Structure formats: C-alpha cells, structure tokens
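Observations on chain architecture
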Amino acid sequence: MNKVTPRFLTSSLIALGLFSCAAFGQETPRSDKHYVGLLATAIEHRSIGQSDEDCWGQAATLVIGGHLSDLIHAEVRLGGGLADAEISRGDLSLAVDYFGSWYMGLHYPITDYANLYGQFGFSYIHGEGEISDPANDRNNPYLDLEGEFPDSGFSISWIAGLDFEVMDDTFLVFEGGKLFEDTGTDVNTFQFSGGLRYEF
C-alpha cells in the first residue's frame, strides 16, 4: 500500500466523523415537528339542575397535532368516555360517549424543558343522560337531562396547560379547561387531563 492511501483514508475518516457529528448535532426546528399524545381525562359537569349539582366522569383522549411556528400549534383531539358521571342527590348519570375537538394555540417556553400553553377551539360531544328512577320526586330537577346529552352538540372549548420534557421529544402534560357548555340545559363541562406527548 502506498503512502497516499493511508492519508486519503485518514482524511476521509476525519471528514466523515465531522459530518456525522454535525448531522447528529442538528435538531429539527420545532416549527417542522408534529406530535401525538395520549391523556387520561377527568370530566367535571357543573351547574346541573336547580341546585347546581356537579359530578365527575372519566375519559381517554388522543391528541394529534403539529407546530405551525416556534410558538403556534394546531391540533385535533378524539376522546371516549370510560366511566359515567353520577350525581349524589339523585339518580341521574351523564355519559360522554365520544367527543372531537379542534384547537389553535400558543405555547411559550418558561425553561429549557418546560412550556406553558393555551389553546382555543371548538368541540363536538355526543352523550346520554339516564335517570334510573324517573318517578321519584327527587329526580324532577333533572328530567330535562334524560336522553340525548348535551342538547347542543357543538360548543366553544379552551385549554390551558403545562408540559415538561422528561426525555428527548417526550413531554409530560398537565392541563385543564372547558370542554363544552350545553345551551339547552346550562350544564358546563370541564376537562382536566394528564399524560404523555411525543414530538417527531
């Protein structure tokens, strides 16, 4: 082997190493990333009936979205009910069978690994109210909630939250906000979620 070949190999290896380091050192801008998330969601129904009862149910939420810039994102959410909400002073249970939401939002980094965010959008909700003993007088304030719930399926929604990057591109998420307001019965329903989001 002549002397030129070792020099060429050495130069090539050095160049390849520098290129590899540069390639791995380059991070994809957040504005070019998409994300998916899976959240456990607690659903709180407020202002139920004349006595303003409240009750809690449970759901799971799938989040799919993307960053439009370093500060702006858009996403869709699909959720399904896991446990119905039951009031304590009557025999009413409220079930959210499924819901879908669309949001546009802003996120702002408060540290190198944490972000505050807020988003505003619209939701469609399908559910059902059921009264196990409608003849009982104590259930009279809730009779208008029996059957399809909510009366108005579409509603304005909003969320505020905080996320922490626990691994590369993987975030722990905590958030809360309004899911919908039923204009027919004046029931306000809020969502409180926690889970993981992965960006790619």
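All figures in this text were calculated on a predicted structure; none of them were measured in a lab.

About the criteria used
Residues numbered from 1 in each chain as written. Predicted model: local features only at pLDDT ≥ 70, side-chain atom pairs only at ≥ 80, totals over all residues. Heavy atoms only, no water. Salt bridge = Lys/Arg side-chain N within 4 Å of Asp/Glu carboxyl O. Helix = DSSP H or I, 4+ residues; strand = E, 2+ residues; numbered from the N terminus. Buried < 20%, exposed > 50% of the residue type's maximum accessible area, 1.4 Å probe, protein only. Patch = residues over 30% accessible without salt bridge, like charges linked within 9 Å, V, L, I, M, F, W, Y side chains within 5 Å. Areas by Shrake-Rupley, 256 points an atom, 1.4 Å probe, with all protein chains shown as cover. Lys, Arg positive; Asp, Glu negative; His and termini not counted. Charge placed at Lys NZ, Arg CZ, Asp CG, Glu CD. Phe/Tyr/Trp six-rings, centres within 6.5 Å; stacked < 30°, edge-to-face > 60°. Lys NZ or Arg CZ within 6 Å of the ring centre and 35° of its normal. Core = buried A, V, L, I, M, F, W, Y, C linked by side-chain atoms within 4.5 Å. Contact = heavy atoms within 4.5 Å. pLDDT = per-residue confidence, 0-100. Pairing = 2+ DSSP bridges.

**Points about the pattern of salt bridges**
In this structure the tally under the stated criterion is 10 salt bridges. When the shortest N-O distance is used, the salt bridge between K33 and D169 registers 2.7 Å. Residue K33 is located in the loop between helix 1 (4–25) and strand 1 (34–48), and its partner D169 is located in the loop between strand 8 (154–167) and strand 9 (170–181); the two are separated by 136 residues in the primary sequence. Classification of D169 by relative accessible area gives partly exposed; the value is 23%. In this structure, E199 and R197 form a salt bridge, with 3.8 Å as the shortest nitrogen-oxygen distance. For the residue pair E199 and R197, the accessibility class agrees, reading buried in each case.

**Some points on a negative patch on the surface**
Negative charge collects at one region of the surface, where D84, E86, D97, E128, E130 and E146 lie side by side. Inspection of the secondary structure assignment puts E130 in strand 6 (residues 114–131).

**Some words on the packing of aromatic side chains**
The full count for this structure, using the stated rule, is 4 aromatic pairs. Ring geometry for W56 versus F192: centroids 5.8 Å apart, planes at 35°, classification tilted. Within this pair, whereas W56 is found in strand 2 (residues 53–67), its partner F192 is found in strand 10 (residues 188–199), the two being separated by 136 residues in sequence. For W56, a relative accessible area of 45% translates into the label partly exposed. The exposure class of F192 is partly exposed, given its relative accessible area of 31%. On the numbers, 5.9 Å between centres and 65° between planes, the contact of F149 with F180 is edge-to-face. Separated by 31 residues along the polypeptide, F149 in strand 7 (residues 147–149) and F180 in strand 9 bring together distant segments of the chain. For F149, a relative accessible area of 2% gives the class buried. Given the relative accessible area of 0%, F180 is considered buried. In this structure, R197 is placed above the aromatic ring of Y35, and the distance from its NZ or CZ to the ring centre is 5.4 Å.

**Some words on the nonpolar core**
Counting 18 residues, the largest nonpolar core has I48, L92 and F99 as its most contacted members. Among the secondary structure elements, those contributing two or more residues to this core are strand 1, strand 2, strand 5 (92–109), strand 6 and strand 9. For this core, the element with the most residues is strand 5, which contributes 4 residues. Setting aside chain neighbours within four positions, we find I48 in contact with E53, D54, C55, I87, L92, L94, Y142, L145 and V187. Grouped together as the second largest cluster of nonpolar side chains are 7 residues, Y35, V63, Y103 and I159 included.

**Quick word on unusual backbone geometry**
Cis geometry marks the peptide bond from F149 to P150, where omega comes out at -5°. As for its position among the elements, P150 is in the loop between strand 7 and strand 8. Located in the positive-phi region is S47, a residue other than glycine, with phi close to 60°. If you trace the backbone, S47 turns up in strand 1.

**Examining the confidence of the model for the chain**
On average, residues of the chain score 88 in pLDDT, and 86% of them are at 70 or above. Taken together, the stretch residues 18–25 has pLDDT below 50 and engages in 0 contacts with residues farther than four places along the chain or on a different chain.

**Digging into the pairing of strand 1**
Bridging between strand 1 and strand 2 involves 13 bridges; their strand directions are antiparallel. Looking at the pairing, A40 lines up with A60 of strand 2. Bridging between strand 1 and strand 10 involves 12 bridges; their strand directions are antiparallel. Looking across to strand 10, one finds that I43 is bridged to Q191.

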